[in-house]
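Topology and contacts: notes
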Amino acid sequence: MASRYQQVYDAAKADPEGFWAAAAEDLHWTKRWDRVLDASNPPFYRWFPGAETNTCYNALDRHVAAGHGDRTALIYDSPVTGTVRSFTTRALRDRVAKLAGALQAHGVKKGDRVIIYMAMTPEAAMAMLACARIGAIHSVVFGGFAPRELATRIDDAKPVMIIASSCGLEPGRVVEYKPLLDQAIEIAAHKPAHCLVFQRPMYQAPMQPGRDLDFDAETEKAAPADCVPVAATDPLYILYTSGTTGVPKGVVRHNGGHMVALNWSMKNVYGVEPGEVFWAASDVGWVVGHSYIVYAPLIYGCTTVLYEGKPVGTPDAGAYWRVIQQHKVAALFTAPTAFRAIKKEDPKAALLKQYDLTHFRTLFLAGERADPDTVHWAEDNLKKPVIDHWWQTETGWPIVSNCMGIEHLPVKHGSPTRVVPGYDVQVIDDEGQPVKAGDIGNIVIRLPLPPGCLPTLWNNDDGFRKSYLSRFPGYYNTGDAGFIDEDGYLFIMSRTDDIINVAGHRLSTGGMEEVLAAHPDVAECAVVGVADQLKGQVPLGFVVLKAGVTRPEEQITRELVQLVREKIGPVAAFKQAVVVKRLPKTRSGKILRGTMQKIADAQDYRMPATIDDPAILGEISEALQPLGYARQP
Ligand code: COA
Ligand code: AMP
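Everything quoted here is computed from the prediction, not taken from an experiment.

1. Structural notes on the site of ligand 1
Residues in contact with ligand 1 amount to 24 residues; listed here are only the nearest, Glu170, Arg173, Pro311, Arg565 and Lys575. Between ligand 1 and His505 there is a distance of 3.3 Å, counted from an oxygen atom to a side-chain nitrogen or oxygen. The side chain of Arg565 places a nitrogen or oxygen atom 2.9 Å from an oxygen atom of ligand 1. Look at ligand 1: alone it shows 940 Å² of surface, and the protein chains cover 84% of it. Sorting the residues of the shell around ligand 1 by element identifies strand E10 (173-176) and helix H12 (336-345) as the ones contributing at least two each. Along the lines of polarity and charge, the residues of the shell around ligand 1 split into 11 nonpolar, seven polar and six charged.

What follows is the structure, encoded as structure tokens:
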């Protein structure tokens, strides 16, 4: 007999509409759908057309109406400020309704965009939910991005309002967000009518009269707003993510399919029950934060933990265990890099022994490759299942996982396990032909994508087609390469584009190259992601200087590091650049970035058949050796 997992997978494949219609019954709709899936305009598919709903209603009001108003919805745990604060579902609903009223009072209406540039405080989640409540489309920008990146997003989303924190807190420093916001608005062509500023005691930001409004004062005096019904196919949010150039892509998420998929995933992928505590240790600026700090736990009726701190140093490598014990966390979701950081500080997990993890059932890892060493370490010490799972900003929820609520399948280290019901994942070669089990190829998903995945890019149907759909007609191209083994387990091996993963953060090396190329002394450049014990990968820049440049190389590389920090932000973690005489290229002029990365990582590589001048590879290796990269002589 087929396994339970196989049965559910097959049911979703045989009748996707029936499968997702059943999942949608768990949620509240003000108007039912005309049909479950509109497939009349491929490659653009729409889930639940004709339906109306409200995501905030489903996350908060629905639970209050069902008698769960006193259940804790959100726990704010902030070791960096020494604060722990809880909100019941009713209290959170009331705060969100007042904030939504404040937005309306300043002209924000259904379909308007609102950018959120905030630190990890409950007000960030409230801002997202308040937008959802009135049908405004939020776009959260991660605090570690520089003004120029924020400005790009302002010009693309054209927000009527920006909601910002006065500052964020990084260990040992206050990051003043408001001046960064002011600079971004200065750079951007589009100007928002208002900025709603959440003043934190660590930094009182100066306000621009007429434009800037005080978050607390405006919320206090506002009348609570009701939920505004929106179409299931209206956007809930836009989330910008790195693409293959410096220009970020505005991933759109629709209201209806999103809440259905997330609600389903909480039970079936994460295996938790309403009322349990779910903690995603990420940031609301990333997709993990959108889906699994804010929307999924609240929609499903879990208590969510919003953590303003780090895995180490706030105050020590026992921070995660302390939070798990104190709040009775049932499931933790984080990036492997966090566990590498803990393992580095406390290799024997001595601090873990001080805490009681009775309520803790499962650790979920995603965002980057889960290296088997780290997975073993977590398994050995936690003595609980450690589940690697694979997904992307674009899909919004897991594509491949061990679905803990369906059946805990045997784990194969290095694999995020099997395809989640609802997705049809294939591995194909460059000609679009399926490859044999075990052979590496392009990982693609057959269209239509299930509910919750991106329907398009913001104002850019063409970009959506070009980025994801045109290379392999009929499929969504994930940009990842890997293989499926004979047991149906997927292994993710690498990206097929220039995206790198730094501490679980997705970054475009193309974007960094654009910054380096703008330096007056740089003739040519390349950025590759090299292996890093803590962050998985870090960017490394190679630059060729213009003829006649005589300034010291160290001074130029220092300037380049500073430039990337200023233009992209500290999150890029761009700390090293090396001057080389030439870059290795193919005869047609394509820079051999993959080969350079292998040289830097001291891996074996095959001499590219089309290389222009093989001697350059030796020069690259020599230039890297003093930095500790490449095979040492
Ligand atoms: N606002 C402003 N700056 C920020 C920021 C924010 N919200 N978040 C990070 N930064 C800064 C950091 O201060 C750091 O600056 P620095 O170069 O001056 O030190 C830089 O951006 C890089 O940050 P980060 O990637 O967090 O590296 P780190 O060295 O500070 O910490 C880890 C490393 C592993 C502890 C950290 O990345 C981590 O906790 N990761 C696990 C969880 C996670 O974030 N997952 C995301 C996807 S699920
Ligand atoms: P993001 O959109 O920031 O979530 O990044 C998505 C990308 O991160 C994927 O396309 C993969 O390249 C990588 N990624 C995410 N999860 C995993 C995983 N479990 N294993 C390997 N790579 C992963």
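2. Concerning the packing of helix H3 (residues 55-68) against helix H5 (residues 122-134)
Direction vectors running N to C along H3 and H5 enclose 115°, while the axes themselves pass 7 Å from each other. For the crossing formed where H3 meets H5, the hand is left-handed. Within the contact between the two elements, H3 uses Thr55, Cys56, Ala59, Leu60 and Asp61 and H5 uses Leu129, Ala132 and Arg133. Across the contact of H3 with H5, the residue classes tally to five nonpolar, one polar and two charged.

3. Digging into the domain arrangement of the protein
When the domains of the protein are assigned, the result is domain 1 (4-309 + 389-482) and domain 2 (503-627). Domain 1 and domain 2 are separated by 34 Å when their C-alpha centres are compared. When domain 1 packs against domain 2, the two sides together hide about 1,200 Å² of surface, and 49% of this comes from carbon and sulfur. For the domain 1 face of the interface with domain 2, the top three residues by lost area are Arg148, Ser242 and Trp286, together amounting to 37%. Counting the contacts that link domain 1 with domain 2 gives one salt bridge. The shortest N-O distance in the salt bridge between Glu394 and Arg506 comes to 2.8 Å. Taken together, domain 1 and domain 2 are joined by four residue pairs in polar contact (both at pLDDT 80 or more). In terms of residues, the side of domain 1 that touches domain 2 owes the most to one element, helix H6 (residues 147-157), which gives three residues. In the side of domain 1 that touches domain 2, the residues fall into five nonpolar, nine polar and four charged.

4. Considering the pairing of strand E26 (residues 490-495)
Across five bridges, the pairing between strand E25 (residues 475-484) and E26 is antiparallel. Among the inter-strand pairings, Phe483 is bridged to a residue of E26, identified as Phe491. Adjacent in sequence and paired antiparallel, E25 and E26 are bridged by five residues, among which Gly488 carries a positive phi angle near 85°.

5. Re the packing of helix H4 (residues 89-105) against H5
Taken N-terminus to C-terminus, the directions of H4 and H5 make an angle of 65°; their axes are 8 Å apart at the nearest point. Pair H4 / H5 crosses with right-handed handedness. Packed against H4, whose contacting residues are Leu92, Arg93, Arg95, Val96, Ala97, Leu99, Ala100, Leu103 and Gln104, the element H5 presents Glu123, Met126, Ala127, Leu129, Ala130, Cys131, Arg133 and Ile134 at the interface.

6. Quick word on the pairing of strand E29 (residues 522-532)
When E29 meets strand E30 (residues 536-545), the two strands line up antiparallel, connected through 10 bridges. The partner of Ala526 across the bridge, within E30, is Phe542. Following E29, the chain reverses through three residues before pairing antiparallel with E30.

7. Topic: helix H7 (residues 177-187)
Spacing of three or four residues puts side chains on the same side of an α-helix, whose turn is 3.6 residues. If you check which residues of H7 are buried, you get Tyr177, Lys178, Leu180, Leu181, Ala184 and Ile185. All buried residues of H7 lie within an arc of 155° about the axis, which places them on one face of the element. Exposed residues lying more than 90 degrees from the buried face of H7 are Glu186 and Ile187.

8. What about the site of ligand 2?
Around ligand 2 there are 14 residues in total, and His389, Thr393, Asp480, Arg495 and Arg506 lie nearest to it. One of the backbone N or O atoms of Gly367 is found 3.1 Å from a nitrogen atom in ligand 2. Between Arg495 and ligand 2, the recorded distance is 2.7 Å, taken from a side-chain N or O atom to an oxygen atom. With the chains in place, 92% of the 500 Å² that ligand 2 exposes on its own is no longer accessible. Of the residues assigned to the shell around ligand 2, the class counts are three nonpolar, five polar and six charged.

Calculation rules
Residues numbered from 1 in each chain as written. Chains lettered and ligands numbered in written order. Predicted model: local features only at pLDDT ≥ 70, side-chain atom pairs only at ≥ 80, totals over all residues. Heavy atoms only, no water. Near = heavy atom within 4 Å. Polar contact = N/O pair within 3.5 Å; in protein donor to acceptor, adjacent residues only side chain to side chain. Areas by Shrake-Rupley, 256 points an atom, 1.4 Å probe, with all protein chains shown as cover. Helix = DSSP H or I, 4+ residues; strand = E, 2+ residues; numbered from the N terminus. Nonpolar A, V, L, I, M, F, W, Y, C, P; charged D, E, K, R; others polar. Axes fitted to C-alpha atoms, helices over the stretch in contact; angles between N-to-C directions. Left-handed = near helix turned anticlockwise from the far one by under 90°. Contact = heavy atoms within 4.5 Å. Domains from an automatic or database assignment. Buried area = accessible area lost by both parts, 1.4 Å probe. Salt bridge = Lys/Arg side-chain N within 4 Å of Asp/Glu carboxyl O. Pairing = 2+ DSSP bridges. Buried < 20%, exposed > 50% of the residue type's maximum accessible area, 1.4 Å probe, protein only. Arc of directions from axis to C-beta.

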